[in-house]
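# An overview of the molecular structure
Below are the chains, spelled out letter by letter.
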Amino acid sequence: MGKIEWAMWANEQALAAGLIYATGGIVGVAGQFRGWQFAAFGIAAGVFVCLLEYPRSKRAKGTSVERTGQYCFTACVKAFGPLTRNYYIRAFLHAALCVPGGFMLATVLGSVCLAIASLIYLSAAIHGEHWEPILPRTEPPKRVGESIKEPPQNPPPRPPPELRRKKVDNLETAAYDNPMSVTSNE
Amino acid sequence: MVNWIINHGLSAFIVAVWMAINIFLFVHFYLFYDQGPQFEYTRELLGSALPWARAPAAVLNFNCMLILLPVCRNLLSLIRGSFMCCGRTVRKQLDKNLTFHKLVAYMIALMTAVHTVAHLLNVEWYSNSLDGRYGPLAGNLSILDDSPELNTTYLNPIRSTSTTPTVFVFTTIAGLTGVVITLALILIITSSMEVIRRSYFEVFWYTHHLFIIFFAGLVFHGAGRIVRSQQETDPPHNNELCEDQPGIWGKIPECPIPQFAGGFPQTWMWVIGPMIIYLCERLLRFIRYMQPVSYRKIVIRPSKVLELQLVKSGFKMEVGQYVFLNCPAISQLEWHPFTMTSAPEEDFFSVHIRSVGDWTEKLISMVEKLPEGGQGPKMGVDGPFGTASEDVFDYEVSMLVGAGIGVTPFASILKSIWYKFKDSNPKLRTKRIYFYWLCRETHAFEWFADLLQVHEKEMEERGMRDFLTYKLYLTGWDQSHADHAMVHFDKDTDIITGLKQKTHYGRPNWDREFEQVRQDNPSSVVGTFLCGPQALAEVLEKKCAKYSDVDPRRTKFYFNKENF
């Protein structure tokens, strides 16, 4: 199996679990089920988990795909620093949040899904993964004219003026041949 | 617009029919449970949550039946083969099987959600009925027990007031299987998200096998028969008369004690067929895998490309198809698809494998260690699959455009054209081919350049220089490329590919290309084939429309959008 970042799957699972937890909670509260207090907790926990899990982490290897509009969530989650960066804490948090859901039927499914997400996060933490925010890339300002070669700073080396003047009878020693005369007195 | 109808019309029609069946099933079973007289007393306890649970159940039955079928690729190949007589559009639908599979999966997920919520309400209301919270009728109905001495049968599956809904769910077959299979479904869905699938296919593939648990649980889900309906009694129980006075049931002849029985579980009838078909499919894949495959030749190409020429008895392919390869020495369970690069006229089939992931890397490193002329590792081959692209041979003039990795099926096509040409195969109507090869860089495609070189030489020998015109467009050029090209400007062959035809830099100017093809072939029908990105398909489609002439004596361009 290729090297997998477990956190990516844990993230999908936790997001789904949050939604299911919240939905079960809504059903429990709306239907005024017995034990609706657990359902109310389910709604709160579900929404919280969704907010926490919405921003995807930056991948260690490869391109990261953002979820739409996740930047504001990234900023919030980033603000908690090591609490949200560490996956052990997340695994423990999800495990704790899922327990009350087990006491009421409507939230049982969300609770179990969250528990599975917690296990996958534990696996991710054991493998040394952690959460990295995806930040917008700042492009380095384009330098204009980079392809234009720098004009030379110094003139090309020339032999001294005595040798530069063409001697008609001694063409070989002249440094170069002028098609037209360059001195005013010739 | 017309083009859309031609390309997508049949798919849209099939989806519309499927949706219509779903809607019909939902409405039919909703009304059946909402208005059926045999459920009048059940509805007394549950209200409208009963039909809201049963209607999605019917839709679920239908969709669980359908979901296994699009992934039986051998079955689909069989159907495609037998549909050769029918139009290509019909056969093309079979290529959209995965899209359909996903669509059905979404419907299953949605219906599962509705079904589960409705049953949550049901369980709670059954429990409330037993407590007498819904009035005397509901209460009396709920007290009815399954007792031969009193001649009663129960209606409310919750039999004791000390049971909580959670305990009830986990102690009934329906409840337990329901929770388990919903959990399996959720795990399948979260691991099938595109992000996970594209990055870690193995997680997706192995988790997807939870469908075995899903179907096993689904078949037994209704075995508990807890949805009860009223049965005929002798003398008949007159609901209208008796429902207001539950106290006198059994005491007067018009109101005998009502009898109830559970509905016969039906899900297995829907899914047993596809389950057997899928089992056969996996068996077939296994049998094909066991068939011996021998290596005719193994060539390691530059840029870590491996060419394998394989021979398997009874293997027949068409141009542009692909096979799945499995190498147990690397991984027992992984099957990877590769487009075939050989022509059907050859007595072997070949694939060119690039090193892009751990499976391909391991294969290449295993092969590199082999002795000269040795046989490679045991390989299982499943296939061939995919639409055959034989239309290429039907046009007098063909424009073939391959972008990036999309050039691979064209290797097969070009070779096949060449063989047909040499054998003067009457099926080949092509007189001229224009081949456009677009790629960012030629790394990993040098083998294709070699192929073109061979063709180029052969055609020069036959004096057929005009048959194949190919243009290579290097879209990932930079300053060093340009410098190099400038320096070697007057060399006879191209510096990148070694071909006589020079490499162009940047993207093609399609207007100019189409104009030139039109000028060279004033009265032909030109078929344009693309294997590449969608954006390019739209561009080419527009150009074909722009440069086609209504006058039948002038050039016409037909665009074939293929997904090889």
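An account of the accompanying structure is given in this report. In this text the structure is predicted, and so the values were computed from the model without any measurement.

## Things to note about the overall build of chain B
Along its length, chain B carries 20 helices and 14 strands. Considering chain B as a whole, with its 564 residues, one finds that 48% of them fall into the buried category. Restricting the contact set of chain B to residue pairs at least 6 apart, pairs at least 24 apart contribute 74%. Carbon and sulfur atoms form 61% of the exposed surface of chain B, whose accessible area is close to 27500 Å².

## Here we look at the interface of chain A and chain B
At the junction of the two partners, chain A supplies 27 residues and chain B supplies 31 residues. Overall, the association of chain A and chain B removes approximately 2600 Å² of surface from exposure, summing both partners, and the carbon and sulfur fraction of that is 73%. Linking chain A to chain B there are 1 salt bridge. For Asp131 of chain B, the salt bridge identified is with Arg34 of chain A, shortest N-O distance 3.1 Å. In this structure, the connection of chain A to chain B is made through 7 residue pairs in polar contact (both at pLDDT 80 or more). When contributions to the side of chain A that touches chain B are tallied by element, the ones reaching two or more residues are helix 1 (6-30) and helix 6 (105-126) of chain A. When its residues are assigned to classes, the side of chain A that touches chain B shows 17 nonpolar, 4 polar and 6 charged.

## Description of the sheet that holds strand 7 (residues 349-354) of chain B
Residue and element names in this part refer to chain B. Strand order in the open sheet made by the 3 strands is 3-4-7, with antiparallel pairing throughout. Among the strands making up the open sheet, the edge pair consists of strand 3 (293-301) and strand 7. Shown here is a sheet whose adjacent strand axes are inclined to one another by a mean of 20°, direction ignored. Two elements, strand 3 and strand 4 (residues 305-312), share 8 bridges in a ladder whose sense is antiparallel. Bridge assignment links Lys297 to a residue of strand 4, and that residue is Gln309.

## Looking at the state of the cysteines
Residue and element names in this part refer to chain B. Scanning the entire structure with this criterion turns up 1 disulfide over all chains. One disulfide in the model links Cys242 with Cys255; its S-S distance is 1.8 Å. Judged by the sign of its S-S torsion, about -90°, the cystine formed by Cys242 and Cys255 is left-handed. Here the residue Cys242 occupies a position in helix 13 (residues 239-242), and Cys255 occupies one in the loop between helix 13 and strand 2 (259-262), the gap between them amounting to 13 residues. Classification of Cys242 as buried rests on a relative accessible area of 0%.

## Side note on the sheet that holds strand 8 (residues 380-385) of chain B
Residue and element names in this part refer to chain B. One open sheet accounts for 3 strands, arranged 6-5-8; its pairing is antiparallel. The open sheet is flanked by strand 6 (336-339) and strand 8, the only strands paired with a single partner. Averaged over all neighbouring strand pairs, the angle between strand axes comes to 30°, with direction disregarded. Each of strand 5 (322-326) and strand 8 is contacted by helix 14 (residues 267-290), which is oriented at about 120° to strand 8, the strand it contacts most.

## Quick look at the pairing of strand 4 of chain B
Residues and elements named next belong to chain B. With 7 of 8 residues buried, strand 4 lies mostly within the body of the structure. What sits between strand 3 and strand 4 in their antiparallel hairpin is a turn of 3 residues, with Ser303 showing a positive phi close to 60°. Sheet analysis places strand 4 next to strand 7, joined by 6 bridges and oriented antiparallel. Within strand 7, the residue paired with Glu307 across the bridge is His352.

## Looking at helix 9 (residues 173-191) of chain B
Taking 1.5 Å per residue, 19 residues should reach 27 Å; helix 9 of chain B reaches 27 Å between its end C-alpha atoms and fits that length. Counting buried positions along helix 9 of chain B yields 15 of 19 residues, so the element is predominantly enclosed.

## Some remarks on the nonpolar core
With 64 residues, the main nonpolar core has Tyr41 and Leu141 of chain B as its most contacted residues. The dominant element in this core, judged by the number of residues it contributes, is helix 6 of chain A, at 11 residues. Each residue touching Tyr41 of chain B, except ones within four places of it in the same chain, is listed here: Leu137, Leu141, Leu155, Gln230, His237, Asn239, Cys242, Glu243, Trp249, Pro258 and Phe260 of chain B. Of all hydrophobic cores here, the second largest spans 32 residues; its members include Leu400, Trp447, Leu452 and Leu472 of chain B.

## Notes on the packing of aromatic side chains
The geometry of an aromatic ring pair comes down to the distance between the two centres and the angle between the two planes. Residues and elements named next belong to chain B. Throughout the structure, instances matching the rule amount to 30 aromatic pairs over all chains. Judged by centre distance (6.5 Å) and plane angle (15°), the rings of Phe26 and Tyr30 are stacked. Of the two residues, Phe26 and Tyr30 are both situated in helix 1 (residues 2-35); the distance of 4 residues between them amounts to about one turn of the helix. Tyr30 carries the same exposure label as Phe26, and that label is buried. An aromatic cluster is present here, built from Tyr436, Trp510, Phe514, Tyr547 and Phe557 joined pairwise through their rings. Sitting over the face of the ring of Tyr154, Arg228 holds its NZ or CZ atom 3.7 Å from the ring centroid.

## With respect to the side chain of Asn74 of chain B
All names here are of chain B. Within the fold, Asn74 resides in helix 4 (residues 73-82). We classify Asn74 as buried; its relative accessible area is 6%. Separated by 2.7 Å, the side chains of Asn74 and Arg288 make a polar contact.

## Focus on unusual backbone geometry
Cis geometry is found at the peptide bond from Gly383 of chain B to Pro384 of chain B, where omega equals 5°. By the secondary structure assignment, Pro384 of chain B is in strand 8. Phi at Gln32 of chain A is positive, roughly 50°, even though this residue is not glycine. Locating Gln32 of chain A in the fold gives a position in the loop between helix 1 and helix 2 (36-53). Gln32 of chain A sits in the exposed class, given a relative accessible area of 60%.

## With respect to the pattern of salt bridges
Side-chain pairs of opposite charge can arise where the charged atoms are in close proximity. Residue and element names in this part refer to chain A. Throughout the structure, instances matching the rule amount to 15 salt bridges over all chains. Ionic pairing is found between Glu53 and Arg90, a salt bridge with its closest N-O pair at 3.3 Å. Taken together, the positions of Glu53 in helix 2 and Arg90 in helix 5 (residues 87-98) put the pair 37 residues apart, joining distant regions of the chain. The exposure class of Glu53 is buried, given its relative accessible area of 0%. Classification of Arg90 by relative accessible area gives buried; the value is 2%.

## Details of the environment of Ile108 of chain B
All names here are of chain B. Looking at where Ile108 falls in the secondary structure, it is placed in helix 6 (residues 97-130). For Ile108, a relative accessible area of 2% translates into the label buried. The spatial distance from the C-alpha of Ile108 to the C-alpha of Leu185 is 9.1 Å, given a sequence separation of 77 residues.

What counts and how
Residues numbered from 1 in each chain as written. Chains lettered and ligands numbered in written order. Predicted model: local features only at pLDDT ≥ 70, side-chain atom pairs only at ≥ 80, totals over all residues. Heavy atoms only, no water. Helix = DSSP H or I, 4+ residues; strand = E, 2+ residues; numbered from the N terminus. Buried < 20%, exposed > 50% of the residue type's maximum accessible area, 1.4 Å probe, protein only. Contact = heavy atoms within 4.5 Å. Areas by Shrake-Rupley, 256 points an atom, 1.4 Å probe, with all protein chains shown as cover. Buried area = accessible area lost by both parts, 1.4 Å probe. Salt bridge = Lys/Arg side-chain N within 4 Å of Asp/Glu carboxyl O. Polar contact = N/O pair within 3.5 Å; in protein donor to acceptor, adjacent residues only side chain to side chain. Nonpolar A, V, L, I, M, F, W, Y, C, P; charged D, E, K, R; others polar. Pairing = 2+ DSSP bridges. Axes fitted to C-alpha atoms, helices over the stretch in contact; angles between N-to-C directions. Disulfide = S-S within 2.5 Å. Expected span 1.5 Å × (residues − 1). Core = buried A, V, L, I, M, F, W, Y, C linked by side-chain atoms within 4.5 Å. Phe/Tyr/Trp six-rings, centres within 6.5 Å; stacked < 30°, edge-to-face > 60°. Lys NZ or Arg CZ within 6 Å of the ring centre and 35° of its normal.

Interpretation note: all reported values are geometric properties and have no functional meaning in isolation.
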